[in-house]
Amino acid sequence: MPGILLGEVFPNFEADTTSGRIKFHDFLGDSWGILFSHPADYTPVCTTELARAAKLTDEFKKRGVKMIALSIDSVEDHKNWSKDVMAYANEAGSPLPFPIIADEKRELSVQLGMLDPDERNKAGLPLTARCVFVIGPDKKLKLSILYPATTGRNFDEILRVIDSLQLTAQKKVATPVDWKPGEKVMVVPSLPNSEATALFPNGVTTKEMPSGKKYLRYTQI
């Protein structure tokens, strides 16, 4: 199945959306971006997800991340469904704060490897899985997460990984298991101790291990 790998340039597709026709790279500009797909309009899990995303719009803006969704229905269906979404978010009458791509022919879903062979509509056509793509300012794919249609996403986790991606893009660090912003990070193994000391004024601590290898190095950013 076609798809895209981490580090590859994300396709500069053109598509109709609830905000008009877009060319994806132009839509992103110099920003980070997140594209999240949905199996279909007027489906229960999707409605809860879009409502949660709408409520978190300011959090994504704070991080300089442009949001866009995708579903396999028409622009008109998307616009009408958006009213239900915003009502579920307790913001009835407000517009959905990000566009939804119309992918009625599933062309983009096929190109990006987003179809779920186990979930089909009444006509027997496969639905899109719950994909999350995070794209960097260089237009390259930085993260992809794939959920089945039956499992809703955790947007707190999505924000957490964006925080990690943005931090590690700027600093020579990695984030350990369950890391949250403000907690200690790990110095990347490729960085010599002499350089680490100069780069991290808060100091570098090393956790002793039975192997005697000094690879668990922590610092506070």
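Just so it is clear, the structure is predicted and the values come from calculations on it, not from any experiment. (Residues numbered from 1 in each chain as written. Predicted model: local features only at pLDDT ≥ 70, side-chain atom pairs only at ≥ 80, totals over all residues. Heavy atoms only, no water.)

## Re the UniProt feature "active site" (unreviewed entry) in the protein chain
Phase 1: Here, the residues flagged by UniProt with the feature "active site" (unreviewed entry) are Cys46.
Phase 2: By the element assignment, Cys46 lies in helix α2 (residues 44–55).
Phase 3: Accessibility expressed as a relative area gives 0% for Cys46, which makes it buried. (UniProt positions renumbered as here; feature names shortened; annotations may be inferred. Helix = DSSP H or I, 4+ residues; strand = E, 2+ residues; numbered from the N terminus. Buried < 20%, exposed > 50% of the residue type's maximum accessible area, 1.4 Å probe, protein only.)

## Considerations on the domain arrangement of the protein chain
Phase 1: Taken domain by domain, the protein chain holds domain 1 (8–153) and domain 2 (171–219).
Phase 2: Summarising the inter-unit geometry, the C-alpha centres of domain 1 and domain 2 are found 36 Å apart. (Domains from an automatic or database assignment.)

## A short note on the packing of aromatic side chains
Phase 1: Under the definition given, this model contains 6 aromatic pairs.
Phase 2: With a centroid separation of 6.3 Å and 20° between ring planes, the pair formed by Phe24 and Phe27 is classed as stacked. On the criterion of helical spacing, the pair formed by Phe24 and Phe27 is a turn pair, its members being 3 residues apart in helix α1 (residues 24–28). Judged on exposure class, the residue Phe24 and its partner Phe27 are both buried. (Phe/Tyr/Trp six-rings, centres within 6.5 Å; stacked < 30°, edge-to-face > 60°.)

## Quick notes on the pairing of strand β2 (residues 20–23)
On a regular strand, each side chain points to the face opposite its neighbour's, so the side chains alternate between the two faces of the sheet.
Phase 1: Sheet topology places strand β1 (residues 14–17) next to β2; 4 bridges connect them, and they run antiparallel. By the bridge assignment, Ala15 is partnered in β2 with Ile22.
Phase 2: From the end of β1 to the start of β2, which pair antiparallel, there are 2 residues. (Pairing = 2+ DSSP bridges.)

## Regarding the layout of surface pockets
Phase 1: In this model, the largest pocket occupies a volume close to 290 Å³.
Phase 2: Lining of the largest pocket is provided by 15 residues; of these, Ala15, Asp16, Ala102, Asp103 and Glu107 occupy positions nearest its centre.
Phase 3: Residue assignment for the lining of the largest pocket shows that the elements contributing at least two residues are β1, β5 (100–102) and α5 (107–111).
Phase 4: Across the lining of the largest pocket, the residue classes tally to 6 nonpolar, 2 polar and 7 charged.
Phase 5: Approximately 180 Å³ is the volume attributed to the second largest pocket.
Phase 6: Along its surface, the second largest pocket is lined by 13 residues, and Thr18, Lys79, Ser82, Pro95 and Leu96 are the ones closest to its centre. (1 Å grid on protein atoms, 1.4 Å probe; cavity = no way out; pocket = protein on both sides within 12 Å on 5 of 7 lines; lining within 4 Å. Points joined across faces, edges and corners; volume = space filled by probe spheres on them. Nonpolar A, V, L, I, M, F, W, Y, C, P; charged D, E, K, R; others polar.)

## Topic: the state of the cysteines
Phase 1: A complete count under the given rule lists 0 disulfides for this structure.
Phase 2: Cys46 carries a free sulfur, and the closest cysteine sulfur to it, the one in Cys131, is 12 Å from it.
Phase 3: Judged by its relative accessible area of 3%, Cys131 falls in the buried class. (Disulfide = S-S within 2.5 Å.)

## Overview of the sheet that holds strand β11 (residues 185–187)
Phase 1: Strand order in this open sheet of 4 strands is β10-β11-β13-β12, and the pairing throughout is antiparallel. Each of the sheet's edge strands pairs with one partner strand only, and the pair in question is β10 (173–174) and β12 (204–206).
Phase 2: In this sheet, strand β13 (residues 217–219) lies alongside β12 in antiparallel orientation, the contact comprising 3 bridges. Along β13, the bridge assignment pairs Thr205 with Tyr218.

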